[in-house]
Amino acid sequence: MSKETTSATTPMVRFDFSDKVAIVTGSAGGIGQAYAEALANAGAAVIVADIDEDNAAVVAEGIRSTGGKAEAVRVDVADPASAVAMAEAAVSRFGGIDYLVNNAAIFGGMQLDLLLTVDWDYLTRFLSVNMMGALNCVRACYPAMKARGGGAIVNQSSTAAYMYAGFYGLAKAGVNSITQQLAHELGGQHIRTNAIAPGPIDTEASRTVVPDAFMKPILASLALKRQGETSDLVGMCLFL
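Residues numbered from 1 in each chain as written. Predicted model: local features only at pLDDT ≥ 70, side-chain atom pairs only at ≥ 80, totals over all residues. Heavy atoms only, no water.

## Remarks on unusual backbone geometry
For His190, which is not a glycine, the phi torsion comes out positive at approximately 65°. The residue His190 is located in the loop between α6 (166–187) and β8 (191–196) in this model. (Helix = DSSP H or I, 4+ residues; strand = E, 2+ residues; numbered from the N terminus.)

Shown next as structure tokens:
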């Protein structure tokens with residue numbers, strides 16, 4: 001899975017996923033795109049899965065243009081049938097599934113409202129994507145992962161799960177619980193399930209959702225006093 005190389009200064013571990021197949025949902029931009037590109041750079045064949053098929057195709061073409069292997073697949077993670085079609089596409093195009101990164105979420109353009117007042121239909125759709133979408137994709141992909149002898153799942157959580165963050169925090173708390181439950185249910189099949197819970201990350205989506213007046217006190221409370229970059233997260237994704 002990885003190979004260790006040593007320089008004159010510090011040891012480095014470089015991952016070699018040349019025989020692996022990875023699906024990254026919500027990878028038409030932002031954090032998901034960074035994950036997909038990092039996996040491809042490490043040698044994995046990557047399914048760039050997103051409801052935004054046009055931008056997913058752009059990301060996949062960018063990976064191929066640098067010598068990587070990638071295909072764009074449209075998926076609505078809230079729809080079990082769409083998740084199954086995504087898994088079938090990965091098996092058909094690349095022969096199986098080893099890794100699943102559940103990153104898809106409604107975030108860019110997200111409504112800012114209270115649990116007490118947010119439109120019920122919007123909340124239901126939001127939770128079906130941001131929370132249950134991860135479970136839908138795992139249910140669709142784990143049989144193919146089991147057939148390969150195991151694999152790894154990485155769910156995208158957030159520090160919002162541990163603080164007041166309205167229905168966004170509620171969804172991420174649910175992702176944490178889903179991660180814990182699936183770790184037990186799938187561990188015996190040699191499928192590891194973990195989550196990454198970053199703080200605020202500087203992406204186009206976050207810039208459209210969180211006003212500066214809200215972001216400044218958040219950043220002031222952080223140890224590093226800055227927003228994270230997508231590059232801060234890829235090492236953990238590859239490791240898991």
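## Section: the side chain of Ser27
In this structure, Ser27 sits in the loop between β3 (21–25) and α1 (30–41). In this view, Ser27 contacts Gly32, Gln33, Ala36, Ile47, Val48, Ala49, Asp50 and Val59; residues no more than four positions away in its chain are not counted. (Contact = heavy atoms within 4.5 Å.)

## Quick notes on the nonpolar core
Membership of the largest hydrophobic core comes to 38 residues, with the highest contact counts inside it found for Ile23, Met86, Ile97, Phe126 and Cys141. Only β4 (45–50), α3 (80–94), α4 (120–130), α5 (132–147) and α6 provide two or more residues apiece to this core. Each residue touching Ile97, except ones within four places of it in the same chain, is listed here: Val21, Ile23, Ala87, Ala90, Val91, Cys141, Ala144, Met145 and Arg148. Core analysis: the next-biggest nonpolar cluster, separate from the first, contains 31 residues, Ala22, Val24, Ile196 and Leu233 among them. (Core = buried A, V, L, I, M, F, W, Y, C linked by side-chain atoms within 4.5 Å. Buried < 20%, exposed > 50% of the residue type's maximum accessible area, 1.4 Å probe, protein only.)

## Re a nonpolar patch on the surface
Together, Leu114, Leu116 and Tyr164 make up an exposed nonpolar region whose accessible area comes to about 430 Å². Take Tyr164: it is sitting in the loop between β7 (151–156) and α6. Among the residues examined, Tyr164 registers a relative accessible area of 69% and is labelled exposed. (Patch = residues over 30% accessible without salt bridge, like charges linked within 9 Å, V, L, I, M, F, W, Y side chains within 5 Å. Areas by Shrake-Rupley, 256 points an atom, 1.4 Å probe, with all protein chains shown as cover. Salt bridge = Lys/Arg side-chain N within 4 Å of Asp/Glu carboxyl O.)

## Brief notes about the pairing of strand β6 (residues 99–102)
Side chains Tyr99 and Val101 of β6 all project onto a buried face; the interleaved residues Leu100 and Asn102 project onto the opposite face, where all are buried too. The sheet contact formed by β3 and β6 spans three bridges and is parallel. If you follow Val24 over to β6, its bridge partner there is Val101. Both β6 and β7 contribute to a ladder of four bridges, which runs parallel. For Leu100, the partnering residue across the bridge sits in β7 and is Ile153. (Pairing = 2+ DSSP bridges.)

## Section: empty space enclosed by the protein
Using the criterion set out here, one finds two cavities of 30 Å³ or more in the structure. Along the wall of the largest cavity there are 13 residues; nearest its centre are Tyr99, Ala152, Cys237, Leu238 and Leu240. Each residue belonging to the lining of the largest cavity can be placed in one class, and the counts come to 12 nonpolar, no polar and one charged. Looking at the second largest cavity, its volume works out to about 80 Å³. Along the walls of the second largest cavity sit 14 residues, with Asn102, Asn103, Ala104, Asn130 and Ala134 positioned nearest its centre. Where the lining of the second largest cavity is concerned, the elements lending two or more residues are α4, α5, β7 and α6. Element by element, the count of residues in the lining of the second largest cavity is highest for α5, at three residues. Across the lining of the second largest cavity, the residue classes tally to six nonpolar, seven polar and one charged. (1 Å grid on protein atoms, 1.4 Å probe; cavity = no way out; pocket = protein on both sides within 12 Å on 5 of 7 lines; lining within 4 Å. Points joined across faces, edges and corners; volume = space filled by probe spheres on them. Nonpolar A, V, L, I, M, F, W, Y, C, P; charged D, E, K, R; others polar.)

## So, the pattern of salt bridges
Taken as a whole and assessed by the stated rule, the structure comprises four salt bridges. In this structure, Arg125 and Asp76 form a salt bridge, with 3.3 Å as the shortest nitrogen-oxygen distance. Here the residue Arg125 occupies a position in helix α4, and Asp76 occupies one in the loop between β5 (69–74) and α3, the gap between them amounting to 49 residues. For Arg125, a relative accessible area of 35% corresponds to the partly exposed category.

## What about the packing of aromatic side chains?
A full pass over the atoms with the stated rule returns six aromatic pairs. Seen in terms of ring centroids, Phe17 and Tyr99 are 5.2 Å apart; in terms of plane orientation they differ by 70°. Their pairing is edge-to-face. Here the residue Phe17 occupies a position in the loop between β2 (11–15) and β3, and Tyr99 occupies one in strand β6, the gap between them amounting to 82 residues. Given the relative accessible area of 2%, Phe17 is considered buried. Tyr99 gets classed as buried once you look at its relative accessible area, which sits at 9%. When the centroid spacing of 5.4 Å and the interplanar angle of 40° are considered together, the rings of Phe107 and Tyr168 count as tilted. (Phe/Tyr/Trp six-rings, centres within 6.5 Å; stacked < 30°, edge-to-face > 60°.)

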